[in-house]
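Working through the structure, step by step
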There are 2 protein chains.
Amino acid sequence: KNALESTLDDEDTFKILIATDVHLGYLEKNAIRGNDTYQTFEEILQCAKDKKVDFILLGGDLFHDNKPSRRSLHICTTLLRKYCMGDSPVTFNILSDQTTNFNTTQFPWVNYQDENLNISIPVFSIHGNHDDPTGAEGLCALDLLSAAGLVNHFGHSNSVERIEISPILMQKGNTKLALFGLGSIPDERLYRMFVNKQVSMLRPKEDQDDWFNLFTIHQNRSKHGPTNYIPEQFLDDFLDLVVWGHEHECLITPTRNEQQLFYVTQPGSSVATSLSPGEATKKHIGLLRVKGRKMNLQKIPLKTVRQFITQDVVLADYEDLFTPDTHQVTKKVEDLCYAKVTEMIEEAERERLGCPLTPEKPLIRLRVDYSGGFEAFSTSRFSQKFVDRVANPKDIIHFMRRREQKVDFKVAVEGLRVEDLVKQYFEAAEQKVQLSLLTEQGMGKAIQEFVDKDEKDAIEELIRYQLEKTQRHLQARGVTTEQDIDMEVGGFYQVIQIYLHDKKLFS
Amino acid sequence: KNALESTLDDEDTFKILIATDVHLGYLEKNAIRGNDTYQTFEEILQCAKDKKVDFILLGGDLFHDNKPSRRSLHICTTLLRKYCMGDSPVTFNILSDQTTNFNTTQFPWVNYQDENLNISIPVFSIHGNHDDPTGAEGLCALDLLSAAGLVNHFGHSNSVERIEISPILMQKGNTKLALFGLGSIPDERLYRMFVNKQVSMLRPKEDQDDWFNLFTIHQNRSKHGPTNYIPEQFLDDFLDLVVWGHEHECLITPTRNEQQLFYVTQPGSSVATSLSPGEATKKHIGLLRVKGRKMNLQKIPLKTVRQFITQDVVLADYEDLFTPDTHQVTKKVEDLCYAKVTEMIEEAERERLGCPLTPEKPLIRLRVDYSGGFEAFSTSRFSQKFVDRVANPKDIIHFMRRREQKVDFKVAVEGLRVEDLVKQYFEAAEQKVQLSLLTEQGMGKAIQEFVDKDEKDAIEELIRYQLEKTQRHLQARGVTTEQDIDMEVGGFYQVIQIYLHDKKLFS
């Protein structure tokens, strides 16, 4: 069960390219960064082709938007057809019941075994939280690719009561690989299900010890709240390797969980979708070799990823140069920041030497702690100076005070704020209006779908459903229903407004 | 050049299934009619398979929405993969330059010649006005299917200056077929381009008389305004047959244009998207046979199409029964309508006998001319009586006065009203504000994109573009720019509000 230092590419060795959180379409309308995600996805596919892998394993969030733009779908379809179709034979077999493994299309079999498609590199993917299933049909963006035979979408659970994860059982020569997957589920719900023993992983009955057990998951790995993540020890200890998606920091070198005795690799996103320090870690994908029960994971640096350099500066540390009372202190602070940013740009330029595939303008973020009586300077003038050298001139500088450091930017963006707002709203509303009408949970879900997934009908549907359900109840209690409902709905839309406004500040 | 009464299905005969305006996704959220378009598309594909056609030719509007829902794309992809892939060989060749014919993907060749796809029935389609290209990339919904290799999208012109239509030159045995196509273009623009000699059809240089020339177009055929349609005589007289899409009435039997000496077939939509009399004509698709220069078109009735029966009643004609002064006249009118509707439902039931594929509840429309002093009755109560027997209980009755008959319902829905509103707005605004700023034409286009095609950025982009372009100009003239612009933009959004409100009344 230990990592194998090196292994031959023989007929018993699975070669698997692992990547996650490609976020196709992220900032696609940005004049500078618009093509970043597409170029990196092409690099990943090219790499899979060059390395002659058996298959590609994606850990979710292939698309940034739940409803990807036409351009995004078009480019993705084109790239998959270009790189994953062709005459190279696929030399592993599938032993499990494919109708169980692939249950989201009318073609419940792996694409490379379809007699009408000539697939050279099968792609296996779970869905992430960005591209998860929605609507009455429970379809996600990946299912469009699945229906066209370009991707094998697996790890989709149809039940909300209990989850049974049936592995795709693969065999190449003498190596047996059980590929488990679980598409993204809201962390708190999944946490609860684990606690209630509603999640089970099915193992092949025979020769259990011969299988290498690989699991792909797309959840919070770091603790965002008491039950708002999935602790590694929730996962079965018969696993050999977990490919953990969703977390954007590249921590691809497998780390051993000493309690469960399995390894975890966190490939990280292939694009920075925020300017937080975790995204500044150099981006990699992995070439995983599995032979028998042994494995080796080779890190492959991505060349097309835009550089991102971030640094913190605490103004109070520069008392030799200035204090809040110094004459023209703001000018001096600005000069310091100018020097720092210039330094970071030059660092990026040096690093980029000899890397023609790397985009020219780096992402730069200087976090300025101005606590202790300093004042923020105008960043719009500052931005102007770097407009030709930096990909994000408008938000290079981020002013903060010490206490602000505790605000987890990512949590805010990932949607917790919506829940907070809904919670606040209900706490305030509870005291004045009849509230059995619209439940907090239902509303939170509807608002989330509305803003995150462009599900225009989500709110209307919820309200209609709840109205019908509770109207009799309310009437029995003598509430002047219509007025209260109007207040309710009106207030709810205000929450949306606040949220949308709020979201603008972050994106 | 005459229609051939019958022809053998020999190795020299092209068999082509022609259909148009399938409008996938139309009313897909309707509990009763939600699957109608999908079922009929499946019937069309099944028919193509049963008849062993060489290819399917679609005349545009395969999708009802410019941005089809995920469900719509998923079902369409699934059906195409299911019916159009397989081992039956395709036995005709393509002689033209395919990079010219198929110019919207990175795979500029016909799908059945792609070595990675096993296509049994190639589909050739132009785009319609509902599913036309939008956005900076000029992509349409069909292009997603093209990229996946499921459809051959042709007839896409990249130039707005001039259109050159290069045919797909096909040969089967001794028969040579030149397939011309032109995707939908706003009628008035195309009309102007024809008048200005900016449209040309390219013919093969050699053996011109050996080719059967087939043209597919998706435009207004009936005159909606002086230049708001395409007169048949605009089309080249070397054509043999024109397949005319967009018009929903099934007039599939080829009619001869005596001036141009070609035939025109208008297959009509395979679903009724309005309750106008034209949609009540029995729906058909066509099996076109072409051998040498001879052709034969066989009408094939569609079995899955929901029945639609419409009738007019003029209350003033019933003076034996009642006049506006009769006691309880409204009740009597309602009774008359009830009898008429019951009669129509029974007619539908008789017709449906022995047609298990036809949906059970028919569409019923009774147009009631109540001019001459009658009053309309409440249709909500009336609807209730038919809720179990009719697919459209809420709009069975349509009250009108004689003058109303002139209002072309279809024109209103198809978008002319937007233009009218924009025009009105500008006429009013012209007198008070500086108006070189935002041109009527540009705005009309932007608003149309916004409301019809869900192009959320269209208006913002236009305004930004126009602002930049004219700001200097206005400043030079001493206009207090910002305020005027605000008025402009504010007023414009009001127009949208009016339009959206207005649209609700129709849909």
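Residues numbered from 1 in each chain as written. Chains lettered and ligands numbered in written order. Predicted model: local features only at pLDDT ≥ 70, side-chain atom pairs only at ≥ 80, totals over all residues. Heavy atoms only, no water.

**Considerations on the relation of the copies chain B and chain A**
The two copies are related by a screw operation: chain B maps onto chain A through 180° of rotation and 0.0 Å of translation along the axis, at an RMSD of 0.0 Å. What the superposition gives is, in effect, a two-fold axis relating one chain to the other. Scanning chain B for the C-alpha nearest the rotation axis identifies Leu117 of chain B, at a separation of 2.5 Å. (Least-squares fit on C-alpha atoms with pLDDT ≥ 70 in both.)

**Focus: the sheet that holds strand β16 (residues 308–314) of chain B**
Residues and elements named next belong to chain B. With parallel pairing, three strands are arranged side by side in an open sheet as β16-β17-β18. Across the chains shown, the open sheet's two edge strands, defined by having one partner strand only, are β16 and β18 (397–400). Neighbour-to-neighbour, the strand axes of the sheet open up by a mean angle of 15°, direction not taken into account. Here β16 runs beside strand β17 (residues 363–369); their pairing, made up of seven bridges, is parallel. For Gln311, the partnering residue across the bridge sits in β17 and is Leu366. (Pairing = 2+ DSSP bridges. Helix = DSSP H or I, 4+ residues; strand = E, 2+ residues; numbered from the N terminus. Axes fitted to C-alpha atoms, helices over the stretch in contact; angles between N-to-C directions.)

**Digging into the packing of aromatic side chains**
Here the distance between the centres and the angle between the planes together describe a pair of aromatic rings. Under the defined criterion, the tally for this structure stands at 38 aromatic pairs over all chains. Between Phe107 of chain B and Trp109 of chain B the ring centres are 5.9 Å apart and the planes differ by 80°, which places this aromatic pair in the edge-to-face class. Classification of Trp109 of chain B as partly exposed rests on a relative accessible area of 35%. An aromatic cluster of three or more residues is present, and its members are Phe14, Phe55, Phe92, Phe102, Tyr112, Phe124 and Phe154 of chain A. In this arrangement the basic side chain of Arg221 of chain B is found over the ring face of Trp244 of chain B, its NZ or CZ atom lying 5.8 Å from the centre. (Phe/Tyr/Trp six-rings, centres within 6.5 Å; stacked < 30°, edge-to-face > 60°. Buried < 20%, exposed > 50% of the residue type's maximum accessible area, 1.4 Å probe, protein only. Lys NZ or Arg CZ within 6 Å of the ring centre and 35° of its normal.)

**Considerations on the environment of Gln233 of chain B**
Residue and element names in this part refer to chain B. Summarising the element assignment, Gln233 is placed in the loop between β10 (211–218) and β11 (241–245). Once the C-alpha coordinates of Gln233 and Gln259 are considered, the two residues, 26 residues apart in sequence, prove to be 7.1 Å apart. Excluding anything up to four places from it in sequence, Gln233 contacts Asn257, Gln259 and Gln260. (Contact = heavy atoms within 4.5 Å.)

**Topic: helix α1 (residues 36–50) of chain A**
Residue and element names in this part refer to chain A. If you check α1, its first and last C-alpha atoms are 21 Å apart, about what 15 residues at 1.5 Å a residue would give, namely 21 Å. For α1, the complete set of buried residues consists of Asp36, Thr37, Tyr38, Thr40, Phe41, Glu43, Ile44, Leu45, Cys47 and Ala48. In the stretch just after α1, Lys52 is the one whose phi turns positive, near 50°. (Expected span 1.5 Å × (residues − 1).)

**Regarding the confidence of the model for chain A**
Residues and elements named next belong to chain A. Considering every residue of chain A, the mean pLDDT works out to 86; 78% of them sit at 70 or more. Note that pLDDT drops below 50 for residues 479–490; the model gives that stretch 21 contacts with residues more than four away or on any other chain. Low pLDDT, under 50, characterises residues 499–507; the predicted model gives this stretch twelve contacts beyond four residues in sequence or across chains. Overall fold confidence (pTM) sits at 0.82, and the ipTM for the predicted complex is 0.81. (pLDDT = per-residue confidence, 0-100.)

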